[in-house]
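What follows is the residue order along each chain.
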Amino acid sequence: SLALHAMVLIAGNGGGLTSTHEIAQKLGVSENHLAKVRQTLGKAGLVESTRGPHGGFRLARPASEITLLHIYEAVEGPVKLNSSCLLGRSQPCDPAHCILRGLNDTVTKQVLGYFAHITLGELNGDSCDK
């Protein structure tokens with residue numbers, strides 16, 4: 001959540017630099033925690049940084065090319081379908097007899113589809129490309 005919110009704020013800055021301090025203040029979060037998330041986003045090639053008193057972060061590529069899934073997977077790793085039981089049972093149910101009939105997988109696929117197709121540009125009205 002923090003990575004997604006931070007990236008939307010960075011993208012909304014129209015290509016200008018956004019400092020960790022600014023983002024942390026706007027989101028009401030710890031600068032130290034945000035710095036770790038920001039470093040992960042940098043390693044994934046989603047943001048680039050400029051050091052110094054007037055430094056900060058900007059998108060490493062156009063907002064229209066960065067999906068929510070890119071951001072999520074940069075922080076959390078590849079998404080896997082979760083076929084585990086919603087009731088917490090250790091043995092998976094027989095899908096043919098489960099009243100939820102694969103609800104977990106269906107919901108996960110819907111969320112993945114949304115995250116894979118929504119870009120930062122769409123969230124910011126396409127006005128925030130590099």
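Residues numbered from 1 in each chain as written. Predicted model: local features only at pLDDT ≥ 70, side-chain atom pairs only at ≥ 80, totals over all residues. Heavy atoms only, no water.

### Some points on the confidence of the model for the chain
Of the residues in the chain, 84% have a pLDDT of 70 or more, and the chain-wide mean is 85. With pLDDT under 50 throughout, residues 126-130 is counted as low confidence; its partners more than four residues away or in other chains account for 20 contacts. (pLDDT = per-residue confidence, 0-100. Contact = heavy atoms within 4.5 Å.)

### Brief notes about the pairing of strand E1 (residues 47-50)
Judged from the four bridges that link them, E1 and strand E2 (residues 56-59) form a sheet pairing that is antiparallel. Bridge pairing links Glu 48 to Arg 58 in E2. Here E1 folds back onto E2 in antiparallel fashion, the turn holding five residues, of which Gly 52 has a positive phi close to 115°. (Pairing = 2+ DSSP bridges. Helix = DSSP H or I, 4+ residues; strand = E, 2+ residues; numbered from the N terminus.)

### Section: a nonpolar patch on the surface
The grouping of Ile 99, Leu 100, Leu 103, Val 107 and Val 111 at the surface amounts to a nonpolar patch, some 440 Å² of accessible area in total. Of note, Ile 99 is situated in the loop between helix H4 (68-76) and helix H5 (103-117). Note on Ile 99: relative accessible area 80%, which makes it exposed. (Patch = residues over 30% accessible without salt bridge, like charges linked within 9 Å, V, L, I, M, F, W, Y side chains within 5 Å. Areas by Shrake-Rupley, 256 points an atom, 1.4 Å probe, with all protein chains shown as cover. Salt bridge = Lys/Arg side-chain N within 4 Å of Asp/Glu carboxyl O. Buried < 20%, exposed > 50% of the residue type's maximum accessible area, 1.4 Å probe, protein only.)

### Observations regarding the environment of Gly 55
Mapped onto the elements of the fold, Gly 55 is located in the loop between E1 and E2. A C-alpha to C-alpha distance of 6.7 Å links Gly 55 and Ser 19, two positions 36 residues apart in sequence. Not counting the four nearest positions on each side in its chain, Gly 55 is found in contact with Leu 17, Ser 19 and Thr 50.

### Points about the packing of aromatic side chains
Under the counting rule described, the total for this entry stands at two aromatic pairs. Aromatic pair Tyr 72 and Phe 115: ring centres 6.1 Å apart, planes at 75°, arrangement edge-to-face. With Tyr 72 in helix H4 and Phe 115 in helix H5, this pair connects stretches of sequence that are 43 residues apart. What makes Tyr 72 partly exposed here is its relative accessible area of 35%. A ring pair is formed by Tyr 114 and Phe 115, whose centres lie 6.3 Å apart and whose planes are at 55°; its orientation type is tilted. Overall, Phe 115 belongs to the buried group, its relative accessible area being 18%. (Phe/Tyr/Trp six-rings, centres within 6.5 Å; stacked < 30°, edge-to-face > 60°.)

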